[in-house]
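Architecture at a glance
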Amino acid sequence: MVDVRDITHSEQPPENADCVVIDPTPGGKFVANGSASGKKSATFFKPPAFATLQQAIAASRQWAEENDVPVVYVRGIPKA
């Protein structure tokens, strides 16, 4: 199961940890960047920007589950 955690804009995820980080863009979209250390090589996740946060989280969770990545961090998203 993939854990989704909110972090502040200034926080950084742990170094050298498999994770995905979702950031808002100035244009109102959301970008996701992830990496996973594989047995043979590293795998990266850098899809085009998503129109909604929900789309970014859904795609990030799916990729994380497929690649045994435990955490998706959502950075700097204001609370409604």
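The model shown is predicted, which means the values in this text are computed figures rather than measured ones.

About the cut-offs
- Counting of residues starts from 1 at the beginning of each chain's written sequence and follows it residue by residue.
- Local features in this predicted model are restricted to residues whose pLDDT is 70 or higher, and side-chain atom pairs enter the listing and the counts only when it is 80 or higher, whereas totals over whole chains, interfaces and linings include all residues.
- With hydrogens and water stripped out, all remaining heavy atoms of the structure feed into the side-chain values.
- Two strands are counted as paired when DSSP detects at least two bridges linking them.
- Strands are runs of DSSP state E lasting at least 2 residues, helices are runs of H or I lasting at least 4, and numbering of each runs from the N terminus.
- Angles run from 0 to 180 degrees between N-to-C directions of axes, and those axes are lines fitted to C-alpha atoms, restricted for helices to the stretch in contact.
- Should any heavy atoms of two residues lie within 4.5 Å, those residues are counted as being in contact.
- A side-chain nitrogen of Lys or Arg and a carboxyl oxygen of Asp or Glu constitute a salt bridge if their distance falls within 4 Å.
- Throughout this description, buried means an accessible area under 20% of the type-specific maximum (1.4 Å probe, protein chains only), exposed means over 50%, and partly exposed covers the range between.
- Throughout this description, a polar contact denotes any pair of N or O atoms lying within 3.5 Å of each other; where both atoms belong to protein, one of them has to be capable of donating a hydrogen while the other can accept it, and for residues adjacent in sequence the pair is counted only when both atoms sit in side chains.
- Nine residue types can take part in a nonpolar core, namely buried Ala, Val, Leu, Ile, Met, Phe, Trp, Tyr and Cys, and a core is a set of them joined through side-chain atoms within 4.5 Å.

It is worth spelling out the sheet that holds strand β4 (residues 42–45) at this point. Read from one edge of the open sheet, 5 strands run β1-β5-β2-β3-β4, paired in mixed fashion. The open sheet has two free edges, formed respectively by β1 (3–7) and β4, since each of these has just one partner strand. Strand-to-strand twist of the sheet, defined as the mean angle between neighbouring strand axes without regard to direction, takes the value 15 degrees. In this sheet, strand β3 (residues 30–37) lies alongside strand β2 (residues 19–24) in antiparallel orientation, the contact comprising 6 bridges. Residue pairing across strands places Pro24 opposite Phe30, the latter belonging to β3.

Position of Trp63 relative to the elements: it lies in helix α1 (residues 53–66). In this structure the C-alpha to C-alpha distance between Trp63 and Val2, which are 61 residues apart in sequence, comes to 9.9 Å. Ignoring anything within four residues of it in the chain, the contact list for Trp63 reads Val20, Gly34, Ser35, Ala36, Thr43, Phe44, Phe45 and Val69.

Once that is clear, we can look at the pattern of salt bridges. Scanning the model with the defined rule gives 2 salt bridges in all. Here Asp3 and Arg5 are joined by a salt bridge, their closest N and O atoms 2.6 Å apart. For Asp3, a relative accessible area of 33% gives the class partly exposed. Notably, a salt bridge pairs Asp23 with Arg75, separated by 2.7 Å at the nearest N-O pair. One end of the pair, Asp23, is in strand β2; the other, Arg75, is in strand β5 (residues 71–75), and 52 residues separate them in sequence. On the basis of relative accessible area, Arg75 is assigned to the buried category, the value being 13%.

Right, let's talk about the side chain of Arg75 for a bit. Within the local environment of Arg75, its side chain forms a polar contact with the side chain of Gln12, the two groups lying 3.3 Å apart. Leaving out residues up to four positions away in the same chain, Arg75 has contacts with Ile7, Thr8, His9, Glu11, Gln12, Pro13, Val21, Ile22, Asp23 and Pro24.

Now for the nonpolar core. Among the nonpolar cores identified, the biggest contains 16 residues, and Val20, Ile22, Ala32, Leu53, Trp63 and Val72 are the most heavily contacted of them. Contributing elements (two or more residues each) for this core: β2, β3, α1 and β5. In terms of residue count, α1 provides more of this core than any other element does, 5 residues in total. The contacts of Ala32, once residues within four sequence positions are left out, are Val20, Val21, Ile22, Phe45, Lys46, Pro47, Phe50 and Ser60. Counting 5 residues, the second largest nonpolar core, distinct from the first, contains Ile7, Val21, Val71 and Tyr73.

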